[in-house]
Every structure is written in C-alpha cells, then in structure tokens.
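Coordinate inspection notes
Given next are the chains, with one letter for each unit.
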Amino acid sequence: MKIKPLFDRVVIEQLEAKKQTQSGLYIPSSSQEKPQMAKVIYVGEGGIIDGKEVKMYVKPGDTIFYSKFSGMEYRFNDKVYTIIRQADILGILEEENE
C-alpha cells in the first residue's frame, strides 16, 4: 500500500534531526529542533486547482526545504509522513557539478 496524494499535494518523509553537535556533544531529544528538510516520497498529479493550472515541479526522491508549520503528519506502515501542498515547498536541494 502507498499514500496517493491528490492534486497539488506532496507526501514527504522528514530527514533526521542532528543528534550531535560539531564538537561531539549529544543533543537531548527534547532540545532537537524539527528540521525543515525532507525527502519527497509521492507527488500528486497537479491539474486545475481553484481555476488555475498547477504544474508539479518536484518528483519522488527530491530533497526539499519546506515551511515550518505546513502540512499534516500521518503514521502509515510504522513511518511518519507529512502531506503538504507544493506551494509550501521553499526550494529543492540540487547537487552542483564541478
């Protein structure tokens, strides 16, 4: 089974929060900040939304940055996923070729 997002929705899986500082100190889980980076798992098809054509710019496997208070979290198959709108995605992390 999988989650199939509708319209301009995107299913993401949050990346792990840092558990240790650069100097080697461990950060207690109560002090770890929720990162706003995630991996795209599933993408809706886009289409006409509120009378406007919406094209999807992200694809499964992309690493994205998203708004802090966006989306809804769900537990599915023992994992936590967040469903957000594409408009809540701030950017896509791309690797540079040197």
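Presented here is an overview of the structure given in this document.

Reading the values: the criteria
- Residues numbered from 1 in each chain as written.
- Predicted model: local features only at pLDDT ≥ 70, side-chain atom pairs only at ≥ 80, totals over all residues.
- Heavy atoms only, no water.
- Helix = DSSP H or I, 4+ residues; strand = E, 2+ residues; numbered from the N terminus.
- Contact = heavy atoms within 4.5 Å.
- Salt bridge = Lys/Arg side-chain N within 4 Å of Asp/Glu carboxyl O.
- Buried < 20%, exposed > 50% of the residue type's maximum accessible area, 1.4 Å probe, protein only.
- Polar contact = N/O pair within 3.5 Å; in protein donor to acceptor, adjacent residues only side chain to side chain.

1. What about the environment of Ile83?
Its location among the elements puts Ile83 in strand E7 (residues 79–85). As for Ile83 and Ser70, which are separated by 13 residues in sequence, their C-alpha atoms are 8.6 Å apart. Among all residues touching Ile83, those that are not within four sequence positions of it are Ile3, Arg9, Val10, Val11, Gly71, Met72 and Tyr74.

2. Points about the pattern of salt bridges
This model, assessed by the stated rule, comprises 3 salt bridges. Two residues, Arg85 and Asp8, come together in a salt bridge whose shortest N-O distance is 3.2 Å. On the criterion of sequence distance, the pair formed by Arg85 in strand E7 and Asp8 in the segment before strand E1 (9–14) is long-range, its members being 77 residues apart. A relative accessible area of 33% places Arg85 in the partly exposed class.

3. Notes on the side chain of Ser70
Relative to the helices and strands, Ser70 is located in the loop between strand E5 (63–66) and strand E6 (72–76). At 2.8 Å, the side chain of Ser70 and the backbone oxygen of Ser67 are in polar contact. Among residues more than four places away in sequence, those in contact with Ser70 are Thr82, Ile84 and Asp88.

Nothing here speaks to function; it is geometry throughout.
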